[in-house]
Amino acid sequence: MPVRELTPTDALAYRLLTSSAFGGSVDPADPAASAPLSPGQTAIGIDSAALPGGAGGVLAAAARIRHDEISLGGGRVRCGGIAGLAVHPAHRGEGLFAELLAAVLARCDEESLPVSMLYPSNPEIYRRHGYQVVARVETLEVPLVDLQRLRSVPGRRTVPVTAASMPRVRALYEEVTAGDNAMLRRQGPLFPDGLPGQGWEAVLLVGADGQDRGYASWTRRRGEGPGLEVHEVLGRDREDLRALLRVIGSWSTVTESVRLRVRTEDPVLDVLPGGGSRPAGGTVPLVMMRVVDTAALLTARPAPTGLSGALRLEVTDDTVPAGTCRAEGLFDVHVADGRVRAVTVPRSGTTSAQSSAGPSAAHSPEATAGTVLLDVHAASLLLVGGRSLADARRLGLRADADAPAEALLDALLAGPRPSVLDAF
Ligand SMILES: CC(C)(COP(=O)(O)OP(=O)(O)OC[C@H]1O[C@@H](n2cnc3c(N)ncnc32)[C@H](O)[C@@H]1OP(=O)(O)O)[C@@H](O)C(=O)NCCC(=O)NCCS
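Every chain is numbered independently, its residues counted from 1 as its sequence is written. Whole-chain, interface and lining totals are the exception, using all residues; otherwise, since this is a predicted model, local features are given only for residues with pLDDT of at least 70 and side-chain atom pairs are given and counted only at 80 or more. Here the side-chain values reflect all heavy atoms present in the structure, with hydrogen atoms and water set aside.

Draft legend 1. Representation of empty space enclosed by the protein. Here a cavity means grid points, on a 1 Å grid over the protein atoms only, where a 1.4 Å probe fits yet cannot get out; a pocket means an open set of points with protein on both sides within 12 Å along at least five of seven lines; lining residues are those with an atom within 4 Å of a point. Grid points are joined across faces, edges and corners, and a volume is the space filled by probe spheres set on the points. Tallying each qualifying case throughout the model produces one cavity of 30 Å³ or more. Taken as a whole, the largest cavity encloses approximately 30 Å³ of empty space. Taken together, Leu297, Leu298, Arg301, Leu383, Leu412 and Leu413 make up the lining of the largest cavity. Of all elements in the fold, only α7 (294-299) and α11 (403-413) reach the threshold of two or more residues within the lining of the largest cavity. Amino acids outside the nonpolar list (Ala, Val, Leu, Ile, Met, Phe, Trp, Tyr, Cys, Pro) and the charged list (Asp, Glu, Lys, Arg) are all regarded as polar, and Gly is one of them. Its residues assigned to classes, the lining of the largest cavity comprises five nonpolar, no polar and one charged. Numbering goes from the N terminus for both helices and strands, where a helix is a DSSP run of H or I of at least four residues and a strand is a run of E of at least two.

Laid out in structure tokens, this is it:
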């Protein structure tokens, strides 16, 4: 199936395809409908005219690949964020999804994006292609009586966020989330400078010494239910978070509760003083990730201080045609001096047959801790960090290992569970 890169002249056809799939209306007469897609992404698609009975000027299937970057336990790695993937209703049920997704992964590999991420509307169809749920974005409804009793925190003051102070908010976000796994780095054309707009507001928390300590951001809405959507409450320590929650509590005269978006193991959860929070209604957005280039993903992560050793890693991937990307393969992984080195081992018939037989059968030099065998689903779960091989096995994914090799890989990948706050 001919999958091609979309050009600015395809913008209208792409918007018609996605508005039909996800909602919204597009007026072809409106020049905005034909405006080029925003920079920092690649769009690919399949022409309807290339299919039997297809129509000219119509896209049968298309998707965008965002050129994102995510944190990786103190390192960072480029990430292909998949957005706006849709198949035209006239061409559904004919296998275009699998064709398009394989092309998406090949393109991520070509563009040196070692991992891919998406918010699935249907996780199962992506799971079949090696994506794994690694995180969920949760929204809590927090009663403001819970925040009213918070005392003021000495040595902290809040200041309004303006376009001029926005770079300080960005810098704080980068600094506070650098050690996390999977948080988007908010840079480049996908995150333009300046205030986000659309009613977004924020306050910066500043210490007595003038150091920026945290911020809270929200959107105020009119109408039924909680009128305050709190997007982020980030601080350097617990006192910073308390001071920011106190600011949120000041809305208690005009609303009874707020919606608070929290990430996995959000430190804010450990500071909320009252126990009245409950999950807000609606579906819980899942975050799925997939390894595209195992060696590159491994080496992007700094190794914990003092950890050293070597192991042989085999990743199998039967979800896409062989050679689609560089997830599968045999890798010699060396950990030393705070760094990871992963070397692809050329497959000779014997090595491959031996290593597929079981962990101990792998041909590894004496000095290694042994072998780890992962299917692509386990690799996608584990290599973004914060999970153990035992977690993968509990999910029924293939994660077999010699015990010392398992301990080494677990130690390398230890850290916070992946979490993401940005939706696309
Ligand atoms: C979901 C969508 C992309 C599937 O495209 P498609 O080309 O019809 O899918 P395919 O024919 O390649 O089918 C792929 C597999 O997914 C399954 N599938 C397709 N749509 C499905 C659905 N809505 N629910 C569950 N399974 C579905 C098919 O049964 C098929 O499984 P099989 O290989 O075991 O037969 C398409 O229906 C669509 O564009 N929907 C609206 C937009 C959307 O949901 N996009 C994904 C957003 S993350």
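Draft legend 2. Region of interest: the state of the cysteines. Counting rule for disulfides: a pair of cysteine sulfur atoms within 2.5 Å. Counted by the stated rule, this structure contains zero disulfides. Left unpaired, Cys108 is separated from the closest cysteine sulfur, that of Cys79, by 7.9 Å. Relative accessibility thresholds used throughout: buried, under 20% of the residue-type maximum; exposed, over 50%; partly exposed, between the two (1.4 Å probe, protein chains only). Accessibility expressed as a relative area gives 0% for Cys108, which makes it buried. There is no disulfide at Cys325, and the cysteine sulfur nearest it, in Cys108, is 8.6 Å away. The class for Cys325 is buried, based on a relative accessible area of 9%.

Draft legend 3. Highlighting the domain arrangement of the chain. Once the domains are mapped, the chain shows domain 1 (3-113), domain 2 (138-279) and domain 3 (293-413). When each unit is reduced to the centre of its C-alpha atoms, the spacing between domain 1 and domain 3 is 32 Å. We call two residues in contact whenever any of their non-hydrogen atoms come within 4.5 Å of each other. With ten residues of domain 1 at the interface, the matching set in domain 3 holds twelve residues. By convention, the term buried area covers the 1.4 Å-probe accessible surface removed from two parts as they join, with the contributions of both added. Broken down residue by residue, the surface that domain 1 buries against domain 3 is led by Leu72, Leu105 and Asp109, which jointly contribute 56%. Salt bridge criterion: a side-chain nitrogen from Lys or Arg within 4 Å of a carboxyl oxygen from Asp or Glu. At the boundary of domain 1 and domain 3, one finds one salt bridge. With a closest N to O distance of 3.2 Å, Arg326 and Asp109 form a salt bridge. Throughout this description, a polar contact denotes any pair of N or O atoms lying within 3.5 Å of each other; where both atoms belong to protein, one of them has to be capable of donating a hydrogen while the other can accept it, and for residues adjacent in sequence the pair is counted only when both atoms sit in side chains. Put simply, domain 1 and domain 3 have one residue pair in polar contact (both at pLDDT 80 or more) between them. Contributions of two or more residues to the side of domain 1 that touches domain 3 are made by β4 (75-87) and α2 (96-110). Ranked by the residues each element gives to the side of domain 1 that touches domain 3, the list is headed by α2, at four residues. Classifying every residue of the side of domain 1 that touches domain 3 gives five nonpolar, three polar and two charged. Domain start and end points were adopted from an automatic or database domain assignment.

Draft legend 4. Region of interest: helix α6 (residues 238-249). Given the number of residues in a helix, its expected span is that number minus one, multiplied by 1.5 Å. Across its twelve residues, α6 extends 16 Å between first and last C-alpha, which sits within 8% of the 16 Å expected from 1.5 Å per residue. Restricting attention to buried positions, one finds in α6 the residues Asp240, Leu241, Ala243, Leu244, Leu245, Val247, Ile248 and Gly249. Considering only its buried residues, α6 is in contact with α4 (145-148), β8 (156-160), β10 (200-207), β11 (212-220), β12 (228-235) and β13 (257-262). Residue Asp237 occupies the N-cap position of α6, its side-chain oxygen lying 3.1 Å from the main-chain nitrogen of Glu239.

Draft legend 5. Fine view of helix α1 (residues 11-22). In a regular helix each residue adds 1.5 Å, so twelve residues correspond to 16 Å; α1 covers 16 Å between its end C-alpha atoms and thus fits that length. Gly23 sits one or two positions beyond α1 and adopts a positive phi of about 105°.

Draft legend 6. Main features of the site of the ligand. Whether a residue is near a molecule or strand depends on its heavy atoms: it is near if one of them lies within 4 Å of it. Contacts to the ligand come from 18 residues, most closely from Leu85, Val87, Gly93, Asn122 and Arg128. In the environment of the ligand, an oxygen atom lies 3.2 Å from a nitrogen or oxygen atom belonging to the backbone of Glu94. Within the side chain of Ser121, an N or O atom sits 3.3 Å from an oxygen atom of the ligand. Look at the ligand: alone it shows 890 Å² of surface, and the protein chains cover 61% of it. Residues belonging to the shell around the ligand are distributed by class as follows: eleven nonpolar, four polar and three charged. Here the open area of atoms and residues is found with the Shrake-Rupley method and a 1.4 Å probe, where only the protein chains shown may cover a residue.

Draft legend 7. Main features of the nonpolar core. Ranked by size, the top nonpolar core spans 78 residues in total, and within it Val287, Met289, Leu313 and Leu374 carry the most contacts. Among the elements that make up this core, the one with the highest residue count is α2 (eight residues). Each residue touching Leu374, except ones within four places of it in the same chain, is listed here: Leu313, Glu314, Val315, Thr316, Ala379, Leu382, Leu389, Arg398 and Ala399. We call a set of buried Ala, Val, Leu, Ile, Met, Phe, Trp, Tyr and Cys residues a nonpolar core when their side-chain atoms join them within 4.5 Å. Leu147, Val233, Leu241 and Val247 belong to the second-largest nonpolar core, a separate cluster that totals 26 residues.

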